[in-house]
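Structural characterization, general
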Amino acid sequence: MKTTDARLALRALAAKAALAAALTTCLSVTAWAQPSQPPTTPELTSLIGRLQALYPSTRFGEIRPTPWPGVFEVAMGANLAYVDASGQYFLFGHLYDMKAQRDLTAERKDTLARIDFNALPLADAIKDVRGRGSRALAIFSDPDCPHCRRLEAELKGLSDVTIHTFLMPIASLHPQARAKAIAVWCAKDRLGAWQALMTRDQVPSSADCAHPVDRNVALAERLGVTGTPTLVAADGRVLPGAASAEQINAWLARSTTSAEGPAPGNPAAQATGKAP
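Rules of the game
- Residues numbered from 1 in each chain as written.
- Predicted model: local features only at pLDDT ≥ 70, side-chain atom pairs only at ≥ 80, totals over all residues.
- Heavy atoms only, no water.
- Helix = DSSP H or I, 4+ residues; strand = E, 2+ residues; numbered from the N terminus.
- Buried < 20%, exposed > 50% of the residue type's maximum accessible area, 1.4 Å probe, protein only.
- Pairing = 2+ DSSP bridges.
- Axes fitted to C-alpha atoms, helices over the stretch in contact; angles between N-to-C directions.
- Contact = heavy atoms within 4.5 Å.
- Core = buried A, V, L, I, M, F, W, Y, C linked by side-chain atoms within 4.5 Å.
- Arc of directions from axis to C-beta.

This part is about unusual backbone geometry. Cis geometry is found at the peptide bond from T228 to P229, where omega equals -5°. Counting through the fold element by element, P229 comes out in the loop between β10 (227-228) and β11 (230-233). A positive phi angle, close to 50°, is found at D160, a residue other than glycine. One can find D160 in the loop between α4 (146-155) and β9 (161-167). Phi is positive for D201, close to 60°, though the residue is something other than glycine. Considering the arrangement of structural elements, one finds D201 in the loop between α6 (190-200) and α7 (213-223). Looking at D201, the relative accessible area reads 48%, which means it is partly exposed.

Moving on, we come to the sheet that holds strand β12 (residues 238-240). Taken together, 5 strands build an open sheet; the order of strands is β7-β9-β8-β11-β12 and the sheet is mixed. Edge positions in the sheet fall to β7 (126-130) and β12, since each has one partner strand and no second. The sheet shows a mean angle of 20° between the axes of neighbouring strands, direction not considered. As defined by bridge partners, strand β8 (residues 135-141) adjoins β11 across 4 bridges and the pair is classed as antiparallel. Paired with A138 across the strands is V232, a residue of β11. Along the sheet, α4 contacts β7, β8, β9 and β11; its crossing angle with β8, the most-contacted strand, is approximately 160°.

What follows concerns the nonpolar core. Residues I115, L120, F140, F166, L223 and V225 are the most contacted members of the largest nonpolar core, which totals 17 residues. Listing elements by their share of this core, those giving two or more residues are β8 and α7. Those residues within four positions of V225 in sequence are excluded, and the remaining contacts are I115, F140, M168, A220 and T230. Among the nonpolar cores identified, the runner-up in size contains 16 residues, and L137, L239, A242 and A243 belong to it.

Our focus in this paragraph is α7. Within the span of α7, buried status applies to V213, N216, L219, A220 and L223. Down the axis of α7, the buried side of the element spans an arc of 110°, and every buried residue falls inside it. Away from the buried face of α7 by more than 90 degrees, exposed residues E221 and R222 are located. The elements touched by buried residues of α7 are β8, β9 and α5 (177-186). Following α7 by one or two positions, G224 adopts a phi angle in the positive range, close to 85°.

Interpretation note: all reported values are geometric properties and have no functional meaning in isolation.
Written as structure tokens, this is what we have:
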């Protein structure tokens, strides 16, 4: 075989391997807010069947037309790709509407990443009502996460909000965090124990009781929450990282629902503590 032919063959194999890896990676991602499949057309029905036949080991989510004629958006977990009607050619990247100056891919990912606030088991969280508490906010937090402690200091600047804190120790990063989380939950004054730990580093006395700590860790896994702190607004938008009180207030202002009637979620800020 000529050197040029060998190189072409290797490139073809590499491209095939890259596509397979991308599809496999997509398969492993959980779609926690996957919308229902839109009404199908004969062309869309044909494409769905073709994709299932070509890639039987891949779980495809919603498949829908795009403004680009002949190109379809395919959801695979939290990942998006674009495919032609043959199901053979995939494009991984962002689709832009240059006339409207919109990143259509980013907008779709934001929608797919939203968390259904109504489905959160709020009884498993520490509740803190400020003022009327009309705005709703859920936070996944680790007792030994320095970014979480910085966030707690910023939360003092919030008013008129109901904060639900899910204790989510990341054992791989903070081996003592689970015991601290359980001790906080088992304290007579959970909120007081949590605030004393996070703002004054006062570790509560060791205690054990029926607790939701392990359920919270499992919940975070299902939702795709891998880092702390992670904030969830009442409309399902997700904000990772220790944002300032000013940033959180502006972010919550974009929510259209209240603590009494949250509805299903725009990621912002930077992620902080993350499980490997």
